[in-house]
Structure formats: structure tokens, C-alpha cells
2 protein chains.
Amino acid sequence: MAMQTAEKTPRDDPPGPWDRPADEPCPIRDVLDRIGDQWSMLVLSALWEGTKRFNELGRQIGDISKQMLSRTLRRLEQDGFVRRTVYAEVPPRVEYELTDLGRSFMVPMRALVVWADDNHAAIRAARDSYEG
Amino acid sequence: MAMQTAEKTPRDDPPGPWDRPADEPCPIRDVLDRIGDQWSMLVLSALWEGTKRFNELGRQIGDISKQMLSRTLRRLEQDGFVRRTVYAEVPPRVEYELTDLGRSFMVPMRALVVWADDNHAAIRAARDSYEG
DNA sequence: CCGCATCCATTGTGATACTG
DNA sequence: CAGTATCACAATGGATGCGG
């Protein structure tokens, strides 16, 4: 790939989706489409604490249906965020853990979690005071 | 549980949603529910560059319908991310800009954009090599 | 120019029952 | 225990036309 001039600081100025060719979908859209659903982020957060089994995840998240947990895990696995390990035992045991990719994703993601935690009150206040 | 050093670094270890009372919705869920949709992030990115008018935003994003742009802007305004200014002119002119809250949100968010940009190839590769 | 209302297609989510 | 299959419903998103 072509090298750019050194005075550009891409880390401070990522391109907008409109700055890139249309044949390649914009990365942030591609990522947000996946983790922007109702459950992916919660599953990733739970797995951040360590390896978990299927029902263990379900219990921890609390209000997720088995179906959605299954679908969410499958998609995260498919995208390389989560590794699934099946043990040939009776009763069956399946463990889920973050991959390196998943763990590296959680770094910026957790910065966002911190922001959300710090600014939640402000958002709710804005919502409440909105007139429309 | 992940192995961590004993030092207390709350910014490195935000609580999971299950660690908080149920009466207050978990902040990250509340935030992701809003910006996790198809368009919010793109609109915020566009406004990061500066104040924009309605159709200017629409043209820049490209494939967003007027309806979705309208809905997205309204919700972002409602949550305090965006300020809307109407000028009593003919023809009417409406300008949108990020609030301080919106701008502060974009700091962690852009870290995520950078991550997505850096790791997009890996995600697509994982997706392609997935056998299921 | 701005943006809302309406209609409609698609997708996400939940409940339940069933399988290995 | 760890899922899958099926059905039903809500939410999301696109297209178009109308109104301020």
C-alpha cells in the first residue's frame, strides 16, 4: 500500500466514510452494524472477565433469550471476536472466550463505556428537558 | 476472571451492566441503543467537520433518505449531541452542529473508528474463513 | 429549502417447544 | 447442558408525496 506524507496524522483524523471508495464498505459502519445490536456489547463485556459457558453467559446478562445469545455468539465468532470450544463430554460443555481481536476491540470500546458512564446523567437530562 | 494487578484503576475497569441497580438502565446500553443505529454515527462524523445544513448533510452521507436524516438528527438533538438552529429566512435555513457533549463523545468514538479502520481487514478475513 | 406523514418491505427480538 | 426450529410481533429503514 502507498505510504503517505509524514505530516499527516491519521490517528487523530480518521477519514469519514465519504472519503473512501464505495466498493469497500466503510469500516466503522461494518463494525457498528455488528456490535450495535442489542446484545453483542453485553456479551463481549461478560467475556472480558474471562472464559464463560453458554448458560453462564445467559445468567449473567440476565434478560437475554437463549436464541439471541446463540445468534449473537455465532456472529461474534464469525467475525473473529470470540472463540468457541466444544468439549466432547456428557453433559456437553461449550466454552466461549475472547480472541486477541476481540480483546483488542474492547480497548477502545471500554473507553466508550467509561464515557457513557460519565455522561449518562447529562444525556438523560437533555432527553428530559427536550421540548418537541 | 481476568488477571489484573491489585492497583485500583476504575477508568480501566468500568462495571458491567450486571453490576448496577436495575432501576437505572445501563449507560452503555442506553448510549449504544442511540448511536448503534445505521446513521447516527455517520451524521456525527459529518458534523465533526463543522456546522452543516440539512441537505448538505444528506449530500455528504450520500445514501441516506430525507426521512432518516430527519429522524436521526432529531434524536441526536434530543439526546443533547446536536444543536439545531433555525433561521427565519426565505428560503428557510437550518443549521446543525455538535454540542460540547457531542464533541466530547466523539473523542472515544473516534478511537473506535481508528480501531475499525485498522482491523477491518482482519474482521473480513475471519468472516470469509468462517465455516458454518 | 426543510422535513413531516404515510405506506410498505425488511430485519431484529422474544416465547415456546423440541433435539442431541 | 447447549443449542435449533418455528411463529408472531415490534422496530427499523426506504420511497414518495405534501406542507411550512
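All residue numbers refer to positions counted from 1 along the written sequence of the respective chain. Just so you know, chain letters begin at A and ligand numbers begin at 1, following the order they were written in. Given that the model is predicted, a residue must reach a pLDDT of at least 70 before its local features are reported, and side-chain atom pairs must reach 80 or more before they are shown or counted; all residues, however, enter totals for whole chains, interfaces and linings. As a convention, hydrogens and water are excluded, and side-chain values are obtained from all of the structure's heavy atoms.

### Section: the packing of helix 3 (residues 54-61) of chain A against helix 4 (residues 66-78) of chain A
Residue and element names in this part refer to chain A. To keep things clear, this is the line we draw: A fitted line through C-alpha atoms represents every axis, and for helices the fit uses only the stretch in contact; the resulting angles, taken between N-to-C directions, go from 0 to 180 degrees. For the purposes of this entry, the term helix denotes a DSSP run of H or I that reaches at least four residues, the term strand denotes a run of E that reaches at least two, and both are numbered from the N terminus. Each crossing gets its handedness from the near helix: less than a right angle anticlockwise from the far helix is left-handed, clockwise is right-handed. Only heavy atoms enter the contact rule, under which two residues are in contact if any of them lie within 4.5 Å. Three categories are distinguished: nonpolar for Ala, Val, Leu, Ile, Met, Phe, Trp, Tyr, Cys and Pro, charged for Asp, Glu, Lys and Arg, and polar for the others, with Gly belonging to the last.
For the pair helix 3 and helix 4, interaxial distance at closest approach is 10 Å and the crossing angle is 115 degrees. By crossing handedness, the relation of helix 3 to helix 4 is classed as right-handed. Touching Phe-54, Leu-57 and Gly-58 of helix 3 are Lys-66, Leu-69, Ser-70 and Leu-73, all from helix 4. Across the contact of helix 3 with helix 4, the residue classes tally to 4 nonpolar, 2 polar and 1 charged.

### Points about the side chain of Ser-45 of chain B
If you trace the backbone, Ser-45 of chain B turns up in helix 2 (residues 40-48). Beyond its immediate sequence surroundings of up to four residues, Ser-45 of chain B is in contact with Trp-18 of chain A together with Met-106 of chain B.

### So, the protein's contact with DNA strand C
To keep things clear, this is the line we draw: For this purpose, a residue is taken to be near a molecule or strand whenever a single non-hydrogen atom of the residue falls within 4 Å of it. Polar contact is defined as a pair of N or O atoms within 3.5 Å, subject to the rule that within protein one atom must be able to donate a hydrogen and the other to accept it, and that residues adjacent in sequence are counted only when both atoms are side-chain atoms.
Near DNA strand C lie 20 residues; those nearest to it are Arg-71 of chain A together with Gln-67, Ser-70, Arg-74 and Arg-84 of chain B. Within 4 Å of the protein, the contacting atoms of DNA strand C are drawn from sugar and phosphate to the extent of 63%. Asn-55 of chain B is positioned such that a nitrogen or oxygen atom in its side chain is 2.8 Å from a phosphate oxygen of DNA strand C. The separation between a base oxygen of DNA strand C and a polar side-chain atom of Gln-67 of chain B is 2.5 Å. Grouping the amino acids of the surface near DNA strand C by side-chain chemistry returns 8 nonpolar, 5 polar and 7 charged.

### So, empty space enclosed by the protein
Empty space among the atoms becomes visible once a probe the size of a water molecule is rolled across them. Quick reminder of the rule: Note on definitions: the grid is 1 Å and covers protein atoms alone; a cavity is a set of points where a 1.4 Å probe fits but cannot get out; a pocket is an open set with protein on both sides within 12 Å along at least five of seven lines; lining residues have an atom within 4 Å of a point. Grid points are joined across faces, edges and corners, and a volume is the space filled by probe spheres set on the points.
Evaluation of the coordinates by the stated rule reveals 2 cavities of 30 Å³ or more. Considered as a void within the structure, the largest cavity measures approximately 50 Å³ in volume. For the largest cavity, the full set of lining residues is Ile-28, Arg-29, Leu-32 and Asp-33 of chain A together with Asp-37, Gln-38, Met-41 and Leu-42 of chain B. In terms of residue count, helix 1 (residues 27-35) of chain A provides more of the lining of the largest cavity than any other element does, 4 residues in total. Classifying every residue of the lining of the largest cavity gives 4 nonpolar, 1 polar and 3 charged. Roughly 30 Å³ of internal volume is contained in the second largest cavity. Along the walls of the second largest cavity sit Asp-37, Gln-38, Met-41 and Leu-42 of chain A together with Ile-28, Arg-29, Leu-32 and Asp-33 of chain B, which together make up its complete lining.

### A few points about the protein's contact with DNA strand D
Residues in contact with DNA strand D amount to 20 residues; listed here are only the nearest, Lys-66, Ser-70, Arg-74, Arg-84 and Tyr-96 of chain A. Arg-53 of chain A is positioned such that a nitrogen or oxygen atom in its side chain is 2.7 Å from a phosphate oxygen of DNA strand D. Listing elements by their share of the surface near DNA strand D, those giving two or more residues are helix 3, helix 4 and strand 3 (93-98) of chain A together with helix 4 (66-78) of chain B. Residues that form the surface near DNA strand D fall into these classes: 8 nonpolar, 5 polar and 7 charged.

### Overview of the UniProt feature "domain: HTH hxlR-type" (unreviewed entry) in chain A
Formally: UniProt positions are given in the numbering used here, feature names are shortened, and annotations may be inferred rather than shown by experiment.
UniProt records the feature "domain: HTH hxlR-type" (unreviewed entry) at residues 26-124 of chain A, using the numbering of this structure. Annotated as residues 26-124 of chain A, this span is 65% helix and 14% strand, and its ends, taken at the C-alpha atoms, are 30 Å apart.

### Remarks on the sheet that holds strand 1 (residues 52-53) of chain B
Residues and elements named next belong to chain B. The line we're drawing: Whether two strands pair comes down to DSSP finding at least two bridges between them.
Sheet architecture is open: 3 strands sit in the order 1-3-2, paired in antiparallel fashion. The outermost strands of the open sheet, each flanked by one partner alone, are strand 1 and strand 2 (82-87). Bridging between strand 1 and strand 3 (residues 93-98) involves 2 bridges; their strand directions are antiparallel. Opposite Lys-52, over in strand 3, you have Tyr-96 as the bridge partner. Each of strand 1, strand 2 and strand 3 is contacted by helix 2, which is oriented at about 95 degrees to strand 3, the strand it contacts most.

### Describing the relation of the copies chain A and chain B
The cut-off we apply is this: Copy-to-copy superposition: least squares on the C-alpha atoms, limited to residues that have pLDDT of at least 70 in both copies.
The operation relating chain A to chain B is a screw motion whose rotation component is 180 degrees, with 0.0 Å of axial translation and a residual RMSD of 0.1 Å. The relationship between the two copies is best expressed as a two-fold rotation axis. Every residue of chain A has its C-alpha some distance from the rotation axis, and the shortest such distance is that of Gly-36 of chain A, at 2.1 Å. Comparing contact sets, 98% of the residues at the interface of chain A also lie at the interface in chain B, consistent with an isologous, same-surface contact.

### As for the interface of chain A and chain B
Formally: When two components associate, each loses some accessible surface as probed by a 1.4 Å sphere; the sum of these losses over both components is called the buried area. Salt bridges are defined by distance alone: a side-chain nitrogen of Lys or Arg within 4 Å of a carboxyl oxygen of Asp or Glu.
The partner chain B presents 59 residues to the 58 residues of chain A that form the contact. Together, Trp-18, Arg-127 and Tyr-130 of chain A form the three largest contributors to the area buried by chain A at its contact with chain B, with a combined 13%. Summed over the shared surface of chain A and chain B, the result is 7 salt bridges. In this structure, Arg-29 of chain A and Asp-63 of chain B form a salt bridge, with 3.7 Å as the shortest nitrogen-oxygen distance.

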